[in-house]
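Overview (structure and organization)
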Amino acid sequence: MALMLSLPPISITKLPNLYNQTIIDAFLLRKYPDFAADFRRLGIPNPSTTSSLTTAGFPNVITALIPAQDKETIGHELQAHLQQTWLSIGNKVRESIKAHVRRLYEDPDHIAKIENWIAQEFPAQMVTDLCNEFRSWQHGGQWEWNALWQAQLKHFWESYWIALPLGNPEQSLTCWRGAPTYAAWKTAQTVLAKAEPALPTEVEEKVYSTINVGTWWPFLQQRLGQALSALKNTRNWQFPASAGERSSISGAYSALHPNLLYRDPFREGHGLPTSSMRLFWHVMAQAFPGLFNGKERLNAIEVTKRMAWTHGGVAASLGVECSGDDYENLVRFPNASSIAAARFMATEPDQVKRYWHDLNREVKADADLHPYYERFGGKTRRPSQIPQVDAALPEGYNGVMFSAKWLAEDLGIEDKGSLAALRWAVNWVQKRLHWGDRSPADWWCILLADGDSMGDYVRGHRLKAYREYVASNIVAQIDQQAKDPKLTEWDGWQDFINETPKRMGPATHVGLNRALLDFSNRLVPYLVEQRYCGRVVYSGGDDVMAVLPLEDALPLIQVLRQAWCGGEDAAGEFEPQGGYWQTVQGSKAAKHLGMRRLFTMGEGATMSMGVVLAHKSVPLPTVLEHLWQAEKEQAKRLPGKDGLCFEVIYGSGNSLSAVLKGHLFDQWQHLVPQANDDVSPLLYRLLTELPQHCWLGTDQVLKQAIASIASRRDKELPQGFVENFSNWCCQWEQWALAHRGQRGTDMQDLLNILRLTAFLIDKRFPPHSGHAAITAVALGAT
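Residues numbered from 1 in each chain as written. Predicted model: local features only at pLDDT ≥ 70, side-chain atom pairs only at ≥ 80, totals over all residues. Heavy atoms only, no water.

**Re the packing of helix H4 (residues 108-121) against helix H5 (residues 124-136)**
- With their axes 9 Å apart at the nearest point, H4 and H5 run at an angle of 150 degrees to one another. Comparing the axis directions of H4 and H5 gives the class roughly antiparallel. Between H4 and H5 lies a crossing of right-handed hand. Residues Ile111, Ile114, Glu115, Ile118 and Ala119 of H4 pack against Val127, Leu130, Cys131, Phe134 and Arg135 of H5.
- Grouping the constituent residues of the contact of H4 with H5 by class yields 8 nonpolar, no polar and 2 charged. (Axes fitted to C-alpha atoms, helices over the stretch in contact; angles between N-to-C directions. Helix = DSSP H or I, 4+ residues; strand = E, 2+ residues; numbered from the N terminus. Parallel < 35°, antiparallel > 145°, perpendicular 65-115°, else oblique. Left-handed = near helix turned anticlockwise from the far one by under 90°. Contact = heavy atoms within 4.5 Å. Nonpolar A, V, L, I, M, F, W, Y, C, P; charged D, E, K, R; others polar.)

**Focus on the nonpolar core**
- Grouped together as the largest cluster of nonpolar side chains are 93 residues, with contacts concentrated most on Trp668, Leu690 and Trp728.
- A per-element tally of this core places helix H32 (residues 747-762) first, with 10 residues.
- Those residues in contact with Trp668, other than ones at most four positions away along the chain, are Leu554, Phe646, Leu660, Trp728, Ile753, Leu756, Thr757 and Leu760.
- Val352, Leu407, Ala441 and Val547 belong to the second-largest nonpolar core, a separate cluster that totals 48 residues. (Core = buried A, V, L, I, M, F, W, Y, C linked by side-chain atoms within 4.5 Å. Buried < 20%, exposed > 50% of the residue type's maximum accessible area, 1.4 Å probe, protein only.)

**So, the packing of aromatic side chains**
- Across all of its chains, the model carries 33 aromatic pairs by this definition.
- Ring centres of Phe344 and Phe765 lie 5.1 Å apart, and the angle between their planes is 85 degrees; on these two criteria the pair is classed as edge-to-face. Of this pair, Phe344 sits in helix H14 (residues 336-347) while Phe765 sits in the loop between H32 and helix H33 (771-778), and the two are 421 residues apart along the sequence.
- Between the aromatic rings of Tyr650 and Phe759, the centroid separation amounts to 6.0 Å while the plane-to-plane angle is 90 degrees, which identifies the pairing as edge-to-face. Linking Tyr650 in the loop between strand S10 (643-649) and strand S11 (655-661) with Phe759 in helix H32, this pair joins segments that are 109 residues apart in sequence. (Phe/Tyr/Trp six-rings, centres within 6.5 Å; stacked < 30°, edge-to-face > 60°.)

**Overview of the sheet that holds strand S8 (residues 597-599)**
- Within the open sheet, the 3 strands sit side by side as S6-S7-S8. Their pairing is antiparallel. Either end of the sheet is taken by a strand with one partner, and the two such strands are strand S6 (574-577) and S8. Averaged over all pairs of adjacent strands, the angle between strand axes in this sheet comes to 35 degrees, irrespective of strand direction.
- Contacts between helix H23 (residues 506-531) and the sheet are confined to S6, strand S7 (580-583) and S8, with S8 contributing the most and set at about 115 degrees to the helix. (Pairing = 2+ DSSP bridges.)

**Quick look at the pairing of S7**
- Relative to S7, S6 runs antiparallel, the two being bridged by 4 bridges. Note that in S7 the partner of Phe574 across the bridge is Thr583.
- Relative to S8, S7 runs antiparallel, the two being bridged by 3 bridges. Pairing of Trp581 across the sheet is with Leu598, part of S8.

**As for unusual backbone geometry**
- Between Glu196 and Pro197 the backbone carries a cis peptide bond, its omega angle lying at -5 degrees.
- Structurally, Pro197 is set in the loop between helix H7 (182-193) and helix H8 (202-207).
- Geometrically, the link from Leu199 to Pro200 is a cis peptide bond, its omega value of -5 degrees lying close to zero.
- Its place among the elements puts Pro200 in the loop between H7 and H8.
- In this structure, Tyr253 is a non-glycine residue whose phi angle is positive, near 70 degrees.

**A closer look at the environment of Asn168**
- Here Asn168 shows up in the loop between helix H6 (146-154) and strand S1 (174-176).
- A C-alpha to C-alpha distance of 9.1 Å links Asn168 and Val213, two positions 45 residues apart in sequence.
- Apart from the residues within four sequence positions on either side, Asn168 is in contact with Ala188, Gln189 and Leu192.

**Side note on helix H27 (residues 662-669)**
- All buried positions along H27 are accounted for by Gly662, Leu664, Phe665, Trp668 and Gln669. In an axial view of H27, the angular spread of the buried residues amounts to 140 degrees, which keeps them on one side of the axis.
- Packing partners of the buried residues in H27 comprise helix H24 (553-565), S10, S11, helix H28 (671-674), helix H31 (721-738) and H32. (Arc of directions from axis to C-beta.)

**Concerning the confidence of the model for the chain**
- For the chain, the mean per-residue pLDDT works out to 82, and 85% of the residues sit at or above 70.
- Per-residue pLDDT stays below 50 along residues 769-782; that stretch engages in 25 contacts with residues further than four places along the chain or on separate chains. (pLDDT = per-residue confidence, 0-100.)

**As for the side chain of Asp642**
- Its place among the elements puts Asp642 in the loop between helix H26 (620-634) and S10.
- What makes Asp642 buried here is its relative accessible area of 9%.
- Aside from chain neighbours lying at most four places away, what touches Asp642 is Asp452, Arg561, Thr606, Met607, Ser608, Leu660, Lys661, Gly662 and His663.

**Topic: the pattern of salt bridges**
- A complete count under the given rule lists 28 salt bridges for this structure.
- Among the ionic pairs, Glu115 bridges to Arg135, the shortest N-O distance being 2.8 Å. Here Glu115, found in helix H4, pairs with Arg135, found in helix H5; they are 20 residues apart in sequence, far enough to count as distant.
- Here Arg135 falls in the partly exposed class, since its relative accessible area comes to 35%.
- Several salt bridges converge on common partners, so that one network encompasses Arg354, Asp358, Arg361, Glu362 and Arg432. (Salt bridge = Lys/Arg side-chain N within 4 Å of Asp/Glu carboxyl O.)

**Overview of the environment of Tyr532**
- Tracing the sequence through the fold places Tyr532 in the loop between H23 and strand S4 (535-540).
- Once the C-alpha coordinates of Tyr532 and Pro387 are considered, the two residues, 145 residues apart in sequence, prove to be 9.1 Å apart.

This is the structure:
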């Protein structure tokens, strides 16, 4: 990773491109107290207090212009600074763990509680040894894991850098076209940049009097990237030996234990008894309640990431105050149940309150659950950490109450009688509210988006003629003067303006970066978290990962695609203006983002997305594995990219995969809110009968078959739905025939889309939702 972070002078604080980025804001507000006042004078709202790093918006490859004599110093200093900063955070976390665990021994009740747990959980012959081991950790000399921490943390960062001359090192960066050395200077730049065809073009030479190396910038950038890739491919990456039990989350590296002395023979694979590892992580759960559940086994990297915000000193270094040890209050990221139920909780707050009161009464009345009654209130009456939900339910309700499995884990219920009682109580209350055997927390969604052909943008291949980037009055002046035969100095300017593609020089490259910054750090967080009920996992450049409820998936995908290319905003909060998105006066967007134009990638820009719709029982590693495959191996491989791949993962382990071209998505996503509950049986019937009655490539057969099968339905379908649906299928057929034989163009691909459509209709919550409410969600109403 090449990384450079330079701290801005005070004058930079007025530049909007540094506003509303978590780390930048925290730094500026701490170093320059008048930062917020400066923005208020510009009409931009005051940034809210930062409480966590929930959005990563920094790139992993950075290009910087540096003096040639400093390249070695800067490169090595950046590597050393990154490594040292990371190790410092890890060391603080390690010492915090040691201090918190040793603090348990100051309270005899804690010691008795843990020793009683040992007596209940392990055979009698092991109890004495485990109790002695537990008591030994109160002595600092018994913590022998420093070498293990260092080995794992030291090998985490994969950093490398490269330097390339900008222009010929022996010549000036600019040259006058009429100079005697111009020909040699131009040849030197072309050779260095390996530009083909040679630059500048004939038209450019006519109109340029002085030429600089910016003309060769895209090719120099390409060479720099190739050199970095070559260095990356020759690296000798080392993985530390993993002794004993591995991480239960990633399966990588040894799980931490204070007595895992990382020296021979432990380095060769010797570990510690499972009973000892289980004891230590139970103690960790007592020392850090809410942070660890006692069942996980984590390595040093995972522990450092989880504890860095408060125990690693990250929050303090940014000037953010943290009080208490409540992990969820510090992290402020929702659990999966809150994510899945978010749309329901935001739109049906009265039902949420009634559900909680009924479930609270059952927990209080049941003898098996009453011991957990006080803890039940603390776990379920807390903020969901989803802005729209917490605004609708300011008293604090958490979605974990909708899932008996996750609620039992949060409450620490392990005995079978209490588990059965909790499952019965949750199911009974849900049926009492006429939800049947369904819950608002059954399904959740995660999406991964990535801009298409970003290399073409960096190399300037997507830029248009200069006419598109010059003020219209200047273009008119050039057109007029180029027609005057007496003004020979204007010869060639008209061809230059109208025919020559703009070069991707350093300044244009900065504009590209600004578009990526506005999209990832301003538009994405606003759209995901303020317009819809999702949360951003990361958003940097053209890469986005977000989690959200099932009901918000389609409209959010639609608006993210429009925000990327500067298209129409269905909610009317942004007005497209020549490739920019201008916030509309009085809109919610203007309140959050201020009245200004936001850069977009412009007309024709596309992005591919992988979307996983997962049942609550599916483990997260499985969900993420499907997500990477959906985005990289499916959506990106559709003809011309601009693809979407939806993966549905059922609780049984079965899955459904459906791919869809981007231009077909817009009309298709409107079909779901149009449908009533009688549409999904029609779709399932089409799955069976369409392959029997029609095939691709025959005029109107597909449309006629759909109309015929729909006409045999006894149930009443929404007016106009069959026509809209069959028209969309015909559009899909035309696209499939134009790209016959490529990914996503078979009849089975259409059937998979129908199955996905039926799934989305069936899983809407609450059951039998009114069309008005569903349509409001689809249009982005809040």
